Amino acid sequence: MKVSLIGMLLLCCSVQSQQFVHFNSSDGLEISSDYYAKQGTSTFILLFHQAGWSRGEYREIAPKLNAMGYACLAVDLRSGGAVNGVVNETNRKAKAKGMATTYKEAFKDIEAAVNFVKTTYKPEKLILWGSSYSSALVLKYAGDHPTAVQAIVSFAPGEYFGSKTYIADSAKHIEVPTFITSAKNEYKNWKAIHAAIPGTQKKSYLPDTSGNHGSRALWEKFNDHKGYWEAVSEFLNTVP
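The structure displayed is predicted, hence computed values, not measured ones.

Taking strand neighbours across the sheet as the criterion, the eight strands line up as S1-S2-S4-S3-S7-S8-S9-S10 in an open arrangement whose pairing is mixed. In this open sheet, the two strands that pair with only one neighbour each are strand S1 (19–24) and strand S10 (202–205). The mean angle between the axes of side-by-side strands here comes to 20°, regardless of whether they run parallel or antiparallel. Each of strand S9 (178–181) and S10 touches helix H7 (residues 187–196); the most contacted strand, S10, lies at about 160° to it. Across the sheet, helix H8 (residues 225–238) is in contact with strand S3 (43–48), strand S7 (125–131), strand S8 (151–155), S9 and S10; its angle to S8 comes to roughly 165°.

This is the structure in structure tokens:
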């Protein structure tokens, strides 16, 4: 599974195109997602977007993860909108049905996505990856379900949910390797969350530059994207 950043960039051009798949959340809402298949891998990454956006956040990122050896599912959570020309279909359907689309409501979509991937693709290892509000929710998931997944990647988490310790309270129970990163000035948003995670399997990264918010920090349009890629690649290579 260990692939260098340079190797990943060279290989990404051979990645298969994504396939549209859908499944239901616990309240019956149909969730839309893009499946980036990777034959011969036992490790799967679930990708969740930031506020106001969609699975389109990962159009550039997922193929590179594919090239590193990971199958990926980029999911439209019900709290979102559109980005990179990709409309959040889950959000659209939720609004059409008059269903709540708050950050907290999206947690059930993350739970459903984990169940769907485990049932459908049966990976040996499952990594949750979030951006902004969803990066906090994947940390909550790992704390609430300590043995359900094998690692967490969190781009710009924070206590975005009203309570000052909503995420930190769950983070106290995390048992798997975690990686947290963000723009430099966002460290204050997740310092206490990171401190709450027990053990020595937690890693973090802050850029020397100002950086960017959420998983978009990995987009090639930003001059400092390579630093983020190197840090997250190094972490992924250490996941047992």
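The subject of this paragraph is the environment of Arg 92. Turning to its location among the elements, Arg 92 is positioned in helix H3 (residues 89–96). In this structure Arg 92 comes out as partly exposed when scored by relative accessible area, which is 45%. Sequence-wise, Arg 92 and Ala 148 are 56 residues apart; in three dimensions their C-alpha atoms are separated by 29 Å.

Along the chain, the position of Thr 90 falls in helix H3. Along the chain, Thr 90 and Leu 29 lie 61 residues apart, while their C-alpha atoms are 7.6 Å from each other. Other than its neighbours up to four places away in sequence, Thr 90 contacts Leu 29, Glu 30, Ile 31, Ser 32, Asp 76, Leu 77, Arg 78 and Asp 109.

Let us now look at the confidence of the model for the chain. In the predicted model, the chain carries a mean pLDDT of 94, and the fraction of residues at 70 or more is 93%. Confidence over residues 6–15 falls short of pLDDT 50; this stretch has 13 contacts with residues more than four positions distant or in other chains.

Within this structure, the stated rule accounts for 19 aromatic pairs. Pairing Tyr 58 with Trp 129 gives two aromatic rings, centres 6.5 Å apart and planes at 90°, and the pair type is edge-to-face. On the criterion of sequence distance, the pair formed by Tyr 58 in the loop between S3 and helix H2 (61–68) and Trp 129 in strand S7 is long-range, its members being 71 residues apart. Classification of Tyr 58 as buried rests on a relative accessible area of 0%. Here a set of aromatic residues connected by ring pairs shows up, and it is made of Tyr 58, Trp 129, Phe 155, Phe 179, Tyr 205, Tyr 228 and Phe 235. Here the guanidinium or amino end of Lys 104 rests over the ring plane of Tyr 166, the centre of that ring lying 4.6 Å away. A cation over a ring is seen here: Lys 140 above Phe 107, with NZ or CZ 5.4 Å from the ring centre.

Thresholds, definitions, all that
Residues numbered from 1 in each chain as written. Predicted model: local features only at pLDDT ≥ 70, side-chain atom pairs only at ≥ 80, totals over all residues. Heavy atoms only, no water. Pairing = 2+ DSSP bridges. Helix = DSSP H or I, 4+ residues; strand = E, 2+ residues; numbered from the N terminus. Axes fitted to C-alpha atoms, helices over the stretch in contact; angles between N-to-C directions. Contact = heavy atoms within 4.5 Å. Buried < 20%, exposed > 50% of the residue type's maximum accessible area, 1.4 Å probe, protein only. pLDDT = per-residue confidence, 0-100. Phe/Tyr/Trp six-rings, centres within 6.5 Å; stacked < 30°, edge-to-face > 60°. Lys NZ or Arg CZ within 6 Å of the ring centre and 35° of its normal.

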